[in-house]
Amino acid sequence: MTTARLMLLAVCASHVSAATVTIRRDGVFLHDGSPMFPIGFTTAPPPDAKTPWGTSGYAELKSSGAAFHRCSGGQPWGAAAEQQLDRIMDASAKAGLLCAIYIPELLVLGPGDADKEKELRRVIAKYKRHPALGYWKGADEPEWGKVPVEKVQRFYDVVHELDSAHPVWITQAPRGTIESLKHYDPAYDVGAIDIYPVSYPPGLHSHLPNKNISVVGDYAKWMQEITGGRKPFWMVLQICFSGVTNPGRTLRFPTFPELRYMSWQSIINGARGLLYFGGNVPACMADEDRALGWNWRFYRRVLKPVLEEFSPGGPAHAALIAPDSSLPIQAAGDAVEFRVRESGNEIFLLAARREGPAVQVSFRGLPENIPSGDLLFEEPRKVKVEAGGFTDWFGPNEVHIYRFRR
């Protein structure tokens, strides 16, 4: 058999191999059985988009650790939208990205929506074995939009009647109450809240008293309480949004320290994945990026350096896909938020301080035979451990990722 024929068969085989996404009991996601920390975009560049340096936009995001993106036809559902979704799905599969299929017209199903439900069933049957399918995206911000729970639940039930290999994801707005959002808990496998606190004045997007960027952690704690620890959740973070582009508003983006803090703070407060919103908003793009269809300037200056810290080949990745540790580590006072994870012989302590003056924080509870710990992304800095404890400085909105080896 010729080499060309073998290559053709390999390509064909890749397009009939369905991806599966499951969730471990500890909330870690498994892609075809392998643990992953999902990093996603709403939305990614167009399927044929190029970077300013001429490479595939999808391939660039994949190289930075992206796992998935929200995929839709970009117009009211019909033949043209379906063709565009086909292109996005095929291009995603080629790049190794997963899709969260999002078709707004098919997400809210009531008793009188038989035709809509029939079309949803057709769509599920068509795409459930596509190698790019990772998730089904349910109704967007349904509590804020006053969408009845039972209509959101019907979408969930239909999806899982036909497809048990891909979770349903729902994002809520930073609105309502913990109790009002709990009503939607049965209607998804993966919850999320979007929160974009970087604006003038600060905190326009939040309805909580906290208008600082640490409000991201407040909403992550909401998600922990809403899900009761039974389901994983993601946090949807800011590239750019309408609150900084609408008439009368001032355009503002997160800086690297701000986005790094919000990302790690989400993880410290329980998020098992992250999404970044607004890379496709034209009003946020420089002219050269607008021609390419995505905000590559922000990506290069801010987002890519953040994503490098979550890289599957990086030193912190093991902490992102590990279960929480049972070590009795404590921090003196309430100056920092922290989470402890263990992977093999490595212990990771992820810690962050909210706004306020710089302080020294003492930790204790590490195994007593550990002499020191590395500070990832702050090399060559280390901390000295004595009798299972150590002390370190934290500035406002500062993150430290410690790694100790037994």
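Note that this is a predicted model, so its numbers are computed, not measured. (Residues numbered from 1 in each chain as written. Predicted model: local features only at pLDDT ≥ 70, side-chain atom pairs only at ≥ 80, totals over all residues. Heavy atoms only, no water.)

How should I be thinking about the packing of helix α4 (residues 114–127) against helix α5 (residues 149–162) in this particular structure?
Geometry of a packed helix pair, given as the angle between the helix axes and the separation of the axes. Across the interface, α4 lies against α5 with an axial gap of 10 Å and an inter-helix angle of 40°. In terms of axis orientation, α4 runs oblique to α5. Crossing angle aside, the handedness with which α4 passes α5 is right-handed. Packed against α4, whose contacting residues are E117, L120, R121 and I124, the element α5 presents R154, F155, V158, V159, E161 and L162 at the interface. Residues that form the contact of α4 with α5 fall into these classes: six nonpolar, no polar and four charged. (Axes fitted to C-alpha atoms, helices over the stretch in contact; angles between N-to-C directions. Helix = DSSP H or I, 4+ residues; strand = E, 2+ residues; numbered from the N terminus. Parallel < 35°, antiparallel > 145°, perpendicular 65-115°, else oblique. Left-handed = near helix turned anticlockwise from the far one by under 90°. Contact = heavy atoms within 4.5 Å. Nonpolar A, V, L, I, M, F, W, Y, C, P; charged D, E, K, R; others polar.)

In this structure, what is going on with the layout of surface pockets? I would like to understand it.
Which parts of space are left empty comes out when a probe the size of a water molecule is rolled across the atoms. In this structure, the largest pocket encloses a volume near 330 Å³. What lines the largest pocket is a set of 19 residues, and nearest its centre among them are D140, E141, D194, Y196 and F277. When grouped by side-chain class, the residues that make up the lining of the largest pocket number nine nonpolar, four polar and six charged. The space that makes up the second largest pocket amounts to roughly 280 Å³. Looking at the second largest pocket, it is lined by 17 residues, and the ones nearest its centre are D26, G27, G229, K231 and G270. Every element with two or more residues in the lining of the second largest pocket is listed here: α7 (215–227) and β13 (336–343). Counted by class, the lining of the second largest pocket contains three nonpolar, five polar and nine charged residues. (1 Å grid on protein atoms, 1.4 Å probe; cavity = no way out; pocket = protein on both sides within 12 Å on 5 of 7 lines; lining within 4 Å. Points joined across faces, edges and corners; volume = space filled by probe spheres on them.)

Looking at this model, I keep getting lost on empty space enclosed by the protein. Mind explaining?
By the definition in use, this model includes two cavities of 30 Å³ or more. In this model, the largest cavity occupies a volume close to 40 Å³. Lining the largest cavity we find I101, Y102, I103, L106, L107, L120, V123, W136, K137 and F155. Counting residues per element, the ones that place at least two in the lining of the largest cavity are α4 and β7 (133–137). Classifying every residue of the lining of the largest cavity gives nine nonpolar, no polar and one charged. Within this model, the second largest cavity holds a volume of roughly 30 Å³. If you go around the second largest cavity, the residues you meet are I170, Q172, L181, Y188, G191, A192, M223 and I226. Class assignment for the residues of the lining of the second largest cavity results in six nonpolar, two polar and no charged.

Just checking my understanding: could you explain unusual backbone geometry for this structure?
It is generally the case that most residues other than glycine have a negative phi and that most peptide bonds are trans. Backbone torsion omega between Y200 and P201 reads -15°, so that peptide bond is classified as cis. Along the chain, the position of P201 falls in the loop between β9 (190–194) and α7. A cis amide bond links E379 with the next residue in sequence, P380, at an omega value of 10°. A positive phi angle, near 50°, is found at E141, a position not held by glycine. Relative to the helices and strands, E141 resides in the loop between β7 and α5.

Sorry if this is basic, but what is going on with the pattern of salt bridges here?
Any two side chains of opposite charge can pair, given that their charged atoms come close. Taken as a whole and judged by the stated rule, the model has 29 salt bridges. We note a salt bridge from D218 to R354, for which the minimum N-O separation is 2.9 Å. Of the two residues, D218 is situated in helix α7 and R354 in the loop between β14 (346–353) and β15 (359–364); the sequence distance between them amounts to 136 residues. Judged by relative accessible area, D218 falls into the buried class, the value being 18%. Among the charged side chains, a salt-bridge network with shared partners connects E82, D86, E119, R122 and K126. (Salt bridge = Lys/Arg side-chain N within 4 Å of Asp/Glu carboxyl O. Buried < 20%, exposed > 50% of the residue type's maximum accessible area, 1.4 Å probe, protein only.)

What exactly am I supposed to notice about α7 here?
At 3.6 residues per turn, the α-helix brings residues three or four places apart onto the same side. With 13 residues, α7 ought to run about 18 Å at 1.5 Å a step, and its terminal C-alpha atoms sit 19 Å apart, in line with that. Extensive coverage of α7 is indicated by the burial of ten of its 13 residues. Residue G228 follows α7 closely and has a positive phi angle near 65°. (Expected span 1.5 Å × (residues − 1).)

Whenever I open this one, the state of the cysteines confuses me. Can you help?
By definition, a disulfide links the sulfur atoms of two cysteine residues through a covalent bond. Considering all chains together, one arrives at two disulfides under this definition. Two residues, C71 and C99, share a disulfide whose sulfurs are 2.1 Å apart. On the S-S bond that ties C71 to C99, the torsion sits near -80°, and the link is left-handed. Remark: C99 occurs in strand β6 (residues 98–101) and C71 occurs in strand β5 (residues 68–71); sequence separation between them is 28 residues. Of the two residues examined, C71 and C99, each falls in the buried class. The connectivity of the disulfide bonds within the protein chain can be written as 1-2, 3-4, using the sequence rank of each bonded cysteine. (Disulfide = S-S within 2.5 Å.)

Looking at this structure, I do not really get the sheet that holds strand β17 (residues 382–384). What am I missing?
Either a parallel or an antiparallel arrangement is found when strands of a sheet pair, and the pairing is made through backbone hydrogen bonds. The strand order across the open sheet formed by five strands is β13-β14-β19-β16-β17, and the pairing between neighbours is antiparallel. With partners counted over all chains shown, the strands left at the sheet margins are β13 and β17, one partner each. Across this sheet, the average inter-strand angle for adjacent strands is 25°, counted without regard to direction. Sheet topology places β13 next to β14; eight bridges connect them, and they run antiparallel. Counterpart to R341 in the pairing with β14 is F348. (Pairing = 2+ DSSP bridges.)

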